[in-house]
Amino acid sequence: MMRELHLDWSKLASITTDGAPSMVSASRGLIERMNREMEERVLTPPLQVHCLIHQQALCCKVLKWESVMKVVVSCINFIRANRLKHRQFQAFLSELESAHGDVLYHTEVRWLSRGRVLRRFYELLPEINTFLLTKGKTVPELINTEWKWDLAFLTDVTELLNGLNLQLQGKGKLICDMFSHIKAFEVKLALLVGQVQKQDFTHLPVTQSLSAEKPAAPFPAEKSVEALEMLKAEFDARFRELNVHAKEIRLFQNPFAADIDKALPSYRFELAELQNCDVLKDTFKPNRLIEFYAAIPNETYPNIKRHAMKMSTLFGRTYICGQTFSRMKLMKTLMRSRLTDEHLHQSLRLAVTGMEPDIVLLTSQKQAHSSH
């Protein structure tokens, strides 16, 4: 592909993968083969990044809590598996003027699914229990206080994880923005451990609402703290490779806050010049890094500018790739059986591009033919 597209190997800054064996295998993986090619060409190997969204989703799997999920999924399947029961349940909620009109299915492959399912299930818990009893199905966990504590706590933590996942999504995310979100979440986890030990539920709204009801069983603090510590350890392990590049990311994020003595020797003189330039200080805005680095003169700051180009082209996730495949799946329907590879390529470019055509200019260049 590099030969077919006439791409310059010297401009390869990073490779972002989903961690599949075909990509990261030590012997025959794509990254290893590309590293060998770079060594043969006497070039610096590219940075290796495992998709941060995928890593975050893998961290969530530490919180299995089968005792909660098994009951929730079983109840939802009982309601929705039969069409008649499903319609009766919806009518039941409508009669009660419930805030929600239905329960949600849980899908393992959809990363945000569990948090939404748990939240909806918790909010409809009394209605669900009443409906199941009318159908002759008794689920003792639904009235068990200890199980309710687990459900509430898992709902809160999963929603926090969903919040991080949403922060990592979207177009135009730079690696420094994603890095900041992950580091902030790790700090939040450490704070949560201390708060849960003291049974302070300030940042756990569902658990706090259950606590206000003064349940008979005490809050399972030891079990909850253990779960948070496992989650924190998983984050530390999976994002360790990202922390290796922390100094480079911080330099790109804010060169004016960088410690000159700890920077690489090739950057020190340029940093000294940059940090004492009042004009550039006034133009620097953290939310407009690309425009800032494009404006600084290449003659004065060649190494810093080269570093900024490398960091700005570093993809922290495979979001764009996944989005492109989704668009392609929507286009290749049974109704478009005559779609050729060339047409698909052109349609995909139109679907994923961020550029907007100037319709007025394009039409002004065409001559209108009036009907005879």
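Refer to the structure printed above.
Cut-offs used in this document
Residues numbered from 1 in each chain as written. Predicted model: local features only at pLDDT ≥ 70, side-chain atom pairs only at ≥ 80, totals over all residues. Heavy atoms only, no water. Salt bridge = Lys/Arg side-chain N within 4 Å of Asp/Glu carboxyl O. Helix = DSSP H or I, 4+ residues; strand = E, 2+ residues; numbered from the N terminus. Buried < 20%, exposed > 50% of the residue type's maximum accessible area, 1.4 Å probe, protein only. Contact = heavy atoms within 4.5 Å. Phe/Tyr/Trp six-rings, centres within 6.5 Å; stacked < 30°, edge-to-face > 60°.

Caption draft 1: How the structure looks around the pattern of salt bridges. Evaluated as defined, the whole model comprises eight salt bridges. Close ionic contact of Glu123 with Arg119 constitutes a salt bridge, the shortest N to O distance being 2.8 Å. With Glu123 and Arg119 both in helix H6 (residues 113-123) and four residues apart, the pair spans about one turn of that helix. Residue classification places Glu123 among the partly exposed residues on the basis of a relative accessible area of 34%. Overall, the relative accessible area of 27% leaves Arg119 in the partly exposed class. When the shortest N-O distance is used, the salt bridge between Asp150 and Lys223 registers 3.0 Å. You can see Asp150 sitting in helix H8 (residues 145-168) and its partner Lys223 sitting in helix H11 (residues 221-238), a full 73 residues away along the chain. Judged by its relative accessible area of 9%, Asp150 falls in the buried class. In this structure Lys223 comes out as partly exposed when scored by relative accessible area, which is 37%. Here the salt bridges do not stand alone but share partners, grouping Arg119, Glu123 and Glu159 into one network.

Caption draft 2: Layout of the environment of Met2. With respect to the helices, strands and loops of the structure, Met2 is situated in the segment before strand S1 (14-17). Exposure remark for Met2: the relative accessible area of 18% places this residue in the buried category. Separated by 314 residues in sequence, Met2 and Gly316 place their C-alpha atoms 21 Å apart. Setting aside residues up to four positions removed in sequence, Met2 forms contacts with Leu7 and Trp9.

Caption draft 3: Structural context of the packing of aromatic side chains. In total, this model carries 14 aromatic pairs according to the counting rule given. Considering the side-chain rings of Phe89 and Phe131, the 5.1 Å spacing of their centres and the 70° angle between planes classify their relative orientation as edge-to-face. With Phe89 in helix H5 (residues 83-95) and Phe131 in helix H7 (residues 125-134), this pair connects stretches of sequence that are 42 residues apart. Using a relative accessible area of 0% as the deciding quantity, one classes Phe89 as buried. For Phe131, a relative accessible area of 4% corresponds to the buried category. A centroid spacing of 6.2 Å and a plane angle of 65° characterise the contact between Phe153 and Phe219, whose relative ring orientation is edge-to-face. In this pair, Phe153 is assigned in helix H8 and Phe219 in the loop between helix H10 (205-212) and H11, connecting sequence segments 66 residues apart. Phe153 gets classed as buried once you look at its relative accessible area, which sits at 2%. Taking the relative accessible area as the measure of exposure, Phe219 reaches 7% and is therefore buried. Every member of this aromatic cluster is reached through a ring pair, and the members are Trp65, Trp149, Phe153, Phe201 and Phe219.

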